[in-house]
Amino acid sequence: MPLFTCHQRPFSKPHLWLITLVGLIVPRRLRADWRQEWEAELQYRAEMLAEWDRLTWQNKLDLLRRSTSAFWDALVLQPKRWEDEMIQDLRFAVRMLLKHKGFTAVAVLSLGLGIGANTIVFSLVNALFFSAPSGVAAAEQLVGACALNTAQHRLAPQNIRYPDYLHYRDHNTVFSGLAGYFSAHLADGDFAAEVQAQVISESYFTVLGVRPLLGRYFLPEENRIPGRNPVAVLSYAFWQRRFNGDARCIGQTLKLNGVTFTVVGIAPQDFHGVWVGNTYDVWIPTMMAQAAYRDVNILSRDSAELELVGRLKSTATREQAQAEMTTLARQLEASYPATNKDAGVQLYELKGLHPIFRDEQAELPRVLAVTVLCLLLIACANLAGLLLARGATRQKEIAIRLALGSSRARLMRQLLTESVLLSLLGGLVGWALAAAASGLVGDFYFSEVEGVKPFHELHFDGQVFLFSFLLAGLTGMLFGLIPALQASRPALVPALKDDASAFGYRRSRLRAAFLVVQVALSVVLLVAAGLMLQSLRNLKWDAGFDARNVVFIRMKPHLSGYDQQQAQVYFQNVQRRVASLAGVQSVAFAGYPPLRNWGGDASVVLPGEQFANEKDKRQVKQNKVAPGFFETLRIPLLQGRDFTNQDRQEGRRAVIINETLARQLWPKQDAVGQSVLVEDQPCEVVGVARYNNFRQSGEPAEAYIFRADFGGNRMLVRLQGDPRGMLPRLRQEILAVDPNVAISEALPLTEMVQNFRLMCNQFASLLSGTFVE
């Protein structure tokens, strides 16, 4: 008796659906018998099946339980699958690949390179643009909220006022929780080191769904009165680094920016913050914001510091939340026109980089994606060509199998099985290559800049793994299909006679087409690689100074409460102690590191020179430096003199310009002694230097101006010997002046220059290496 009668549709009842589904894994030649057996098994329950709707839940569960027994029965039959046609095809394909090891190795390696390159690049794309913050719960419900200038349609990160945040939090109906936060730099007073921190509202971790590893998070009463509750939560990495992972650190104190905080909790290891690319050491409450920035009054409408993160209610969508937040922003604008004019809020999906950084960071992945896709196409065309050539050598074998009665479909399935197996092997090789070469991309994105090292979790998760194997399978199916079609229809009689014309003209034309595609793509990539290599060969950076034997050290006394005057005294003491060390040739301070365009622009005009608009004024790159800067970096002075301590005095504005600016302003006169307006302030030119502002070879010269100033918190020290070997001694002298001042950077200047050039050179090297492959 058939199991499915006309009045019992197969999918009308769950147990029938289950039997049908489980039957799919039974070997096809045994499937009819298996179903018949189960029909007999369930026959005696036919009446109950017919009266399913009147069955009790107990009887229904009993039916389902007996139906699931079919699954175990189907599993028992699996060993017999080895005799099935599909397994026979697979076993034959393995034997054929092992028989032709050279062909297999070339095909697998070719595909492995293409798939591996794609795996690396799409892992990077996933990490930068599609990955949710790690360690948070139900990330799909989280949204970020950023300040928006509605008049200019421009995002302004970390620019929402705390009172506005309270209004958004208390009057919205779409979020189950809304938290505020902003980033800050703190000085670890006990170790004179800088730590990365976030100042957060008390609901921050609750909104993100992050449970503490140890201790607790902030209590609501700890975030009500400014400055009253100095408590801190540590990240797992900082806990390991600072307290050696000792659980007894809960309740201990930690001096940050001169304020003693009590450690109340440790965040879990996999939580690093809400923005991809950043990781934090410490979290402190918003009411302790002045510990991070002394001029911030978090309760004032004059302080706009926050970014928001919210968790949507299950019934709300992001569009509904955006509409409601916009309405609330308009209410604030109407209530506080002085501070909230054109102030809106933009919600964004909490995945990948912050929206404001996405375009900038997308340039390299976009180029890499196009490149590796071309590389994969070449590999696929290569595989198709190899399969066609191999099919030509197997024409007699295929003709014999056809003559013996094999169907064309069976032959095509056999050939496709071989191509898919090749592709899957290529996927495995590609996966291994991607895992081994991931550091190449990681080094580029993880380069430390200004003492901050970006954090990206570039790992190959299940999605990337699935993507790689789907790519491999599709590659085998698509590019094995046409060769299989071609090989499975030889002219039977000529093939049996070993006549070379068996595959006819069309086969040759097809192979030629694959060859043309492969050669065309290869030529394009090789030309691009050649141009890139030529550019690399010609690319020479002219820093305009000698970075050898120079140490760069950055100190942040303002984090320890120093005002400007106190900081100057501190730096003078540091300079005096460092300059007295044996092996130190010169010491100087600068406002910005001596890197390309780091100091921004300054307007430079001649006295009496008129411009129709302010924006038409001549803009020149600048840096503020102290006496000794040119000597320390060995920047040659062509005319005039170096700065002196008198040039830094109030009212004396001395500048040194480079020869390019000198030619622009006074083409037929000496520049030294001339007057010039810098930012509308009259200044005297005391020297002309040969300086290129880190220019690339072939790049036109650019005007530059140095302004006499105390310099800043960046110290340059020229040494007689190895700069790295002197770093501990230099740190010791700096800490002797004040052990509480954080040293945020201390490295040889050559390493800083190398990190700066890394983006251009490694980017080009990466592309060139990919092209050459």
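Quick caveat, the model's predicted, so the values are computed rather than measured. (Residues numbered from 1 in each chain as written. Predicted model: local features only at pLDDT ≥ 70, side-chain atom pairs only at ≥ 80, totals over all residues. Heavy atoms only, no water.)

Some remarks on the overall build of the protein chain
Along the protein chain, the regular secondary structure elements total 24 helices and 25 strands. Buried positions account for 48% of the 773 residues belonging to the protein chain. For the protein chain, the proportion of contacts with a sequence separation of at least 24, taken over those separated by at least 6, is 78%. When the accessible area of the protein chain is evaluated, it comes to approximately 37100 Å², of which 55% is carbon and sulfur surface. (Helix = DSSP H or I, 4+ residues; strand = E, 2+ residues; numbered from the N terminus. Buried < 20%, exposed > 50% of the residue type's maximum accessible area, 1.4 Å probe, protein only. Contact = heavy atoms within 4.5 Å. Areas by Shrake-Rupley, 256 points an atom, 1.4 Å probe, with all protein chains shown as cover.)

Side note on helix H9 (residues 236-243)
Every buried residue of H9 is listed here: Phe238, Trp239, Arg242 and Phe243. Looking straight down H9, one finds its buried side chains confined to an arc of 105°; they lie on one side. One or two steps after H9, the chain reaches asparagine 244, where phi turns positive at roughly 55°. (Arc of directions from axis to C-beta.)

Concerning the confidence of the model for the protein chain
Averaged over all residues, the pLDDT of the protein chain is 80; the fraction at 70 or higher stands at 76%. Between residues 1-11, whose pLDDT stays under 50, and residues either more than four places distant or in other chains, the model counts 18 contacts. Taken as a whole, residues 766-773 scores under 50 in pLDDT and shows 23 contacts with residues more than four places along the chain or in a different chain. (pLDDT = per-residue confidence, 0-100.)

Some remarks on the pairing of strand S9 (residues 259-266)
Here strand S6 (residues 214-215) pairs with S9 via two bridges, running antiparallel. In the strand pairing of S9, glycine 215 is matched with glycine 265. In the sheet, strand S7 (residues 231-234) pairs with S9 via four bridges, with the strands oriented parallel. The partner of valine 233 across the bridge, within S9, is glycine 265. As paired elements, strand S8 (residues 253-256) and S9 share four bridges and run antiparallel to each other. When the bridges of S9 are listed, leucine 256 appears paired with valine 259. (Pairing = 2+ DSSP bridges.)

Focus: the packing of aromatic side chains
Counted by the stated rule, this structure contains 20 aromatic pairs. Considering the side-chain rings of phenylalanine 629 and phenylalanine 630, the 5.5 Å spacing of their centres and the 90° angle between planes classify their relative orientation as edge-to-face. The pair formed by phenylalanine 629 and phenylalanine 630 is uniform in burial state, with each residue classed as buried. Taking the ring centre of phenylalanine 243 as reference, the NZ or CZ of arginine 242 above it sits at 5.2 Å. Over the ring of tyrosine 336 we find arginine 301; its NZ or CZ atom is 3.6 Å from the centre of that ring. (Phe/Tyr/Trp six-rings, centres within 6.5 Å; stacked < 30°, edge-to-face > 60°. Lys NZ or Arg CZ within 6 Å of the ring centre and 35° of its normal.)

Some details on the pattern of salt bridges
Applying the stated criterion across every chain yields a total of 22 salt bridges. Salt-bridge contacts for arginine 242 lead to aspartate 188; the nearest nitrogen and oxygen are separated by 2.6 Å. Of this pair, arginine 242 sits in helix H9 while aspartate 188 sits in strand S4 (residues 175-188), and the two are 54 residues apart along the sequence. Aspartate 188 matches arginine 242 in its accessibility class, with the two residues each being buried. Among the salt bridges present, the one from glutamate 222 reaches arginine 216, with a minimum N-O distance of 2.7 Å. Residue glutamate 222 is classed as buried on the basis of its relative accessible area of 7%. (Salt bridge = Lys/Arg side-chain N within 4 Å of Asp/Glu carboxyl O.)

Here's the deal with the environment of alanine 736
Summarising the element assignment, alanine 736 is placed in helix H23 (residues 723-737). In this structure alanine 736 comes out as partly exposed when scored by relative accessible area, which is 45%.

What to know about the pairing of S7
As a general feature of sheets, a regular strand has side chains that alternate between the two faces. Side-chain alternation along S7 places Val231 and Val233 on one buried face and Ala232 and Leu234 on a second face that is also buried. Sheet topology places S7 next to strand S10 (residues 282-285); two bridges connect them, and they run antiparallel. Its bridge partner being in S10, leucine 234 is matched across the sheet by valine 282.

Some points on a nonpolar patch on the surface
Where nonpolar side chains cluster on the molecular surface, the patch consists of Leu90, Val94 and Leu98 and spans about 240 Å² of accessible area. Summarising the element assignment, valine 94 is placed in helix H5 (residues 85-99). (Patch = residues over 30% accessible without salt bridge, like charges linked within 9 Å, V, L, I, M, F, W, Y side chains within 5 Å.)

Considering the nonpolar core
Within the largest apolar cluster, 48 residues are counted, with the highest numbers of intra-cluster contacts made by Tyr168, Phe175, Leu234, Val282, Ile284, Leu308 and Met325. Once residues lying within four places of it in the same chain are set aside, the contact partners of methionine 325 are Tyr168, Phe175, Leu308, Val345 and Leu347. In terms of nonpolar packing, the next biggest core, distinct from the first, is built from 28 residues, Ala590, Leu595, Ile635 and Ala708 among them. (Core = buried A, V, L, I, M, F, W, Y, C linked by side-chain atoms within 4.5 Å.)

Thoughts on the side chain of asparagine 172
Note on placement: asparagine 172 falls in the loop between helix H7 (162-171) and S4. At a separation of 2.8 Å, a polar atom in the side chain of asparagine 172 contacts the main-chain carbonyl oxygen of tyrosine 168. Of note is the side chain of asparagine 172, whose polar atom sits 3.1 Å from the backbone nitrogen of valine 174. With near-sequence residues (within four places) excluded, asparagine 172 lies in contact with Leu178, Glu324 and Leu328. (Polar contact = N/O pair within 3.5 Å; in protein donor to acceptor, adjacent residues only side chain to side chain.)

Quick notes on the packing of helix H20 (residues 564-579) against H23
The contact between H20 and H23 brings their axes to 9 Å, and the two run at 140°. Between H20 and H23, the angle falls in the class oblique. The way H20 lies across H23 gives a crossing that is right-handed. Taking contact as the criterion, the partners of Tyr570, Asn573, Val574, Arg577 and Val578 in H20 are, on H23, Leu730, Glu733, Ile734, Ala736 and Val737. Across the contact of H20 with H23, the residue classes tally to seven nonpolar, one polar and two charged. (Axes fitted to C-alpha atoms, helices over the stretch in contact; angles between N-to-C directions. Parallel < 35°, antiparallel > 145°, perpendicular 65-115°, else oblique. Left-handed = near helix turned anticlockwise from the far one by under 90°. Nonpolar A, V, L, I, M, F, W, Y, C, P; charged D, E, K, R; others polar.)

Some remarks on helix H15 (residues 395-403)
Among the residues of H15, Gln395, Ile398, Ala399 and Arg401 are the ones counted as buried. For H15, the buried positions fall inside an angular range of 160° around the axis, keeping them on one side. Residue glycine 405 follows H15 closely and has a positive phi angle near 115°.

A few points about the environment of tyrosine 162
Position of tyrosine 162 among the secondary structure elements: in helix H7. What makes tyrosine 162 buried here is its relative accessible area of 6%. On a C-alpha basis, the gap between tyrosine 162 and isoleucine 298 in space is 6.2 Å, while along the polypeptide they are 136 residues apart. Apart from residues lying up to four places away in sequence, tyrosine 162 is in contact with Asn223, Thr286, Met287, Ile298, Leu299, Ser303 and Leu306.

Looking at unusual backbone geometry
Positive phi, close to 50°, is recorded for glutamine 158, a residue that is not glycine. Structurally, glutamine 158 can be placed in the loop between strand S2 (154-156) and strand S3 (160-161). Of note, glutamate 679 is a non-glycine position whose phi angle comes to about 55°, a positive value. Position of glutamate 679 among the secondary structure elements: in the loop between strand S20 (675-678) and strand S21 (681-689).

Details of the packing of helix H6 (residues 101-130) against helix H14 (residues 363-393)
Running from N to C, H6 and H14 point in directions that differ by 160°, and their axes come no closer than 9 Å. Comparing their axes, H14 and H6 come out roughly antiparallel. The handedness of the crossing between H6 and H14 comes out as left-handed. For the contact of H6 with H14, the per-class residue count stands at 24 nonpolar, four polar and one charged.

A closer look at the environment of glycine 599
For glycine 599, the position within the fold is in the loop between strand S15 (584-590) and strand S16 (601-605). Since its relative accessible area comes to 11%, glycine 599 is described here as buried. When the C-alpha atoms of glycine 599 and lysine 621 are compared, they prove to be 6.7 Å apart, with 22 residues separating the residues in sequence. Excluding residues that lie within four positions of it along the chain, glycine 599 makes contacts with Tyr592 and Gln622.

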